[in-house]
Amino acid sequence: MGSGRTVTVFGAYGHTGRFVVAQLRERGYLPVLSRRDAGKLAELAVSERGLEVRPASVDDPASLDRALAGAAAVVNCAGPFAVTAAPVIEAALRAGVPYVDVAAEIEANLDTFTHFADRARAAGTVVLPAMAFFGGLGDLLATAAMGDRTAAEEVHVAYGLSSWHPTAGTRAAGAVSRERRDGRRVRYTGGRLEYRRDEAPLLEWTFPDPLGTRPVVGEFTMADVVTVPSHLAVPEVRTYMTVEAAGELAAPDTPAPTAADEHGRSAQTFLVEVVVRSAGGERRVVARGKDIYAVTAPLVVEAVDRILTGRTRTVGVASAGRLFDASDFLRALSPHLTVEVHS
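Cut-offs used in this document
- Residues numbered from 1 in each chain as written.
- Predicted model: local features only at pLDDT ≥ 70, side-chain atom pairs only at ≥ 80, totals over all residues.
- Heavy atoms only, no water.
- Pairing = 2+ DSSP bridges.
- Helix = DSSP H or I, 4+ residues; strand = E, 2+ residues; numbered from the N terminus.
- Contact = heavy atoms within 4.5 Å.
- Axes fitted to C-alpha atoms, helices over the stretch in contact; angles between N-to-C directions.
- Expected span 1.5 Å × (residues − 1).
- Buried < 20%, exposed > 50% of the residue type's maximum accessible area, 1.4 Å probe, protein only.
- Arc of directions from axis to C-beta.
- Core = buried A, V, L, I, M, F, W, Y, C linked by side-chain atoms within 4.5 Å.
- Phe/Tyr/Trp six-rings, centres within 6.5 Å; stacked < 30°, edge-to-face > 60°.
- Lys NZ or Arg CZ within 6 Å of the ring centre and 35° of its normal.
- Polar contact = N/O pair within 3.5 Å; in protein donor to acceptor, adjacent residues only side chain to side chain.
- Salt bridge = Lys/Arg side-chain N within 4 Å of Asp/Glu carboxyl O.

(A) Quick peek at the sheet that holds strand S6 (residues 126-128). Ordered by their spatial adjacency, 7 strands build an open sheet running S3-S2-S1-S4-S5-S6-S15, and the pairing between neighbours is parallel. Unpaired on one side and paired on the other, strand S3 (52-53) and strand S15 (316-317) mark the two borders of the sheet. Pairing between strand S5 (residues 99-101) and S6: 2 bridges, direction parallel. Paired with Tyr-99 across the bridge in S6 is Val-127. On top of the sheet, helix H3 (residues 61-68) reaches strand S1 (6-10), strand S2 (30-34) and strand S4 (73-76); it is set at about 145 degrees to S1, its chief contact.

If you want it as structure tokens, here you go:
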């Protein structure tokens, strides 16, 4: 069993992993840097002085055990999560420590809920998948919008990104997902995932100012279709993406994100609007911020802090909205995120 404030970050030298390491240090935690490439870990340790390096690989369980030894928790930032999630969760269960990841891969998150729910619950530990901009944030926003209700007819999550320069990890995860789906797209309707070969519809979404009405790709399905219905009775969960951002993600020559401020964040801005509809009416929650990869770090670290300080509602495999007080969690993310609730 881990103790103290040591947190192993698997995938520490990746784009998101570096933000997570920095945020952990800012919050007073001691990250342990881990992943398979010892050279890249050593380079990161030069800039992150005083941190221990523990190389580990998902095909070497003993190395993962060494990476987690004495840690209070493990954060998995290394995709594709179809490859890394299960081995790192197994290591966390052996160590008896909580596991958190930033997976945006729909099928990988489903695998976590399917294969580890009983074992994590029996062990009395927390396994939290998709604690990231896609999956975790949408689930927290939808849960906050639901209030005391646990059921609704529809949840819509509209992503207004000013741009999208994908990381190498995003591209790799997307390739794995496309392979697992045999090139099909996916949507969540009628209380289940549906795989289709037709094109996603092009629609319009009226965002709050300053975005206004924008063309969006409808059924641009993200991890929210796993996290939201994992604990809320909602038969229809739809996600949308601004056309420009979706086009940049799809283009093979779109460059990776580059730093535009002293924190390493890119110039990308985002607005996420979640609409919950039921017979009782409609509620909207809006979140605004900067850099979808950078904002994942405060999401992750706030989750780790709440897990380690006992501010959780359950054990086992659970999404953020099930595990935490969603409204309180979102308030704690200021100034990284601005959230507005509209009845």
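(B) Local environment of the pairing of strand S9 (residues 192-196). Relative to S9, strand S8 (residues 185-189) runs antiparallel, the two being bridged by 5 bridges. Looking at the pairing, Tyr-188 lines up with Leu-193 of S9. Counted between consecutive antiparallel strands, the loop separating S8 from S9 contains 2 residues, among which Gly-190 sits at a positive phi close to 65 degrees.

(C) Structural view of helix H7 (residues 168-180). Helix length check: H7 (13 residues) gives 19 Å between terminal C-alpha atoms against 18 Å at 1.5 Å per residue, within 8%. Within the sequence span of H7, burial applies to Ala-173, Gly-174 and Ser-177. Buried positions in H7, seen along its axis, are confined to an arc of 100 degrees and lie on one side of it. Along H7, exposed side chains directed more than 90 degrees from the buried face belong to Ala-168, Arg-178 and Glu-179. Buried residues in H7 make contact with helix H5 (106-123). Following H7 by one or two positions, Asp-182 adopts a phi angle in the positive range, close to 55 degrees.

(D) Spotlight on the nonpolar core. Leu-128, Phe-133 and Trp-164 are the most contacted members of the largest nonpolar core, which has 104 residues in total. For this core, the element with the highest residue contribution is helix H6 (residues 133-146), accounting for 9 residues. When residues no more than four places from it in sequence are discounted, the contact partners of Leu-128 are Tyr-99, Val-100, Asp-101, Ala-303, Ile-307, Ala-318, Ser-319, Ala-320, Leu-323 and Phe-324. By size, the runner-up hydrophobic cluster in this structure holds 8 residues, among which are Ala-158, Tyr-240, Leu-271 and Val-275.

(E) Representation of H3. Of the residues making up H3, those classed as buried are Ser-63, Leu-64, Ala-67 and Leu-68. The arc that holds every buried residue of H3, seen down its axis, measures 135 degrees, which confines them to one face. Elements that come into contact with the buried residues of H3 comprise S1, S2, S4 and helix H4 (81-95).

(F) Structural context of the packing of aromatic side chains. Taken as a whole and judged by the stated rule, the model has 9 aromatic pairs. Measuring from ring centre to ring centre gives 4.8 Å for Phe-133 and Phe-270, while their planes differ by 65 degrees; the resulting arrangement is edge-to-face. Here Phe-270 lies in strand S13 (residues 269-278) and Phe-133 lies in helix H6, a separation of 137 residues in the sequence. Relative accessible area serves as the criterion here: at 1%, Phe-133 is assigned to the buried category. Between Trp-205 and Phe-207 the ring centres are 6.4 Å apart and the planes differ by 55 degrees, which places this aromatic pair in the tilted class. A relative accessible area of 9% places Trp-205 in the buried class. Residue Phe-207 is classed as buried on the basis of its relative accessible area, which comes to 3%. Among the aromatic side chains, those forming a connected cluster through ring pairs are Phe-133, Phe-134, Tyr-159, Trp-164, Phe-220 and Phe-270. Sitting over the ring of Tyr-29, Arg-5 keeps its end group 3.8 Å from the ring centre.

(G) Representation of the side chain of Ser-63 in the model. Mapped onto the secondary structure, Ser-63 falls in helix H3. For Ser-63, a relative accessible area of 3% translates into the label buried. Engagement of the side chain of Ser-63 in a polar contact is seen with the backbone nitrogen of Ser-57, the distance being 3.0 Å. Setting aside residues up to four positions removed in sequence, Ser-63 forms contacts with Pro-55, Ala-56 and Ser-57.

(H) Structural detail: the side chain of Glu-194. With respect to the helices and strands, the residue Glu-194 is situated in strand S9. Assessed through its relative accessible area of 16%, Glu-194 is described here as buried. In terms of polar contacts, Glu-194 uses its side chain to reach the side chain of Arg-196, at 2.8 Å.

(I) Quick peek at the pattern of salt bridges. Inspection of every chain in the model, using the stated rule, returns 30 salt bridges. In this structure, Glu-154 and Arg-277 form a salt bridge, with 3.6 Å as the shortest nitrogen-oxygen distance. Taken together, the positions of Glu-154 in strand S7 (residues 154-161) and Arg-277 in strand S13 put the pair 123 residues apart, joining distant regions of the chain. Under the relative-accessibility criterion, Arg-277 is labelled partly exposed at 28%. Of the charged contacts in the structure, one is a salt bridge between Glu-236 and Arg-238, with a shortest N-O distance of 2.9 Å. The structure contains a network of salt bridges with shared partners spanning Arg-185, Arg-187, Glu-194, Arg-196, Asp-198, Glu-219, Glu-236 and Arg-238.

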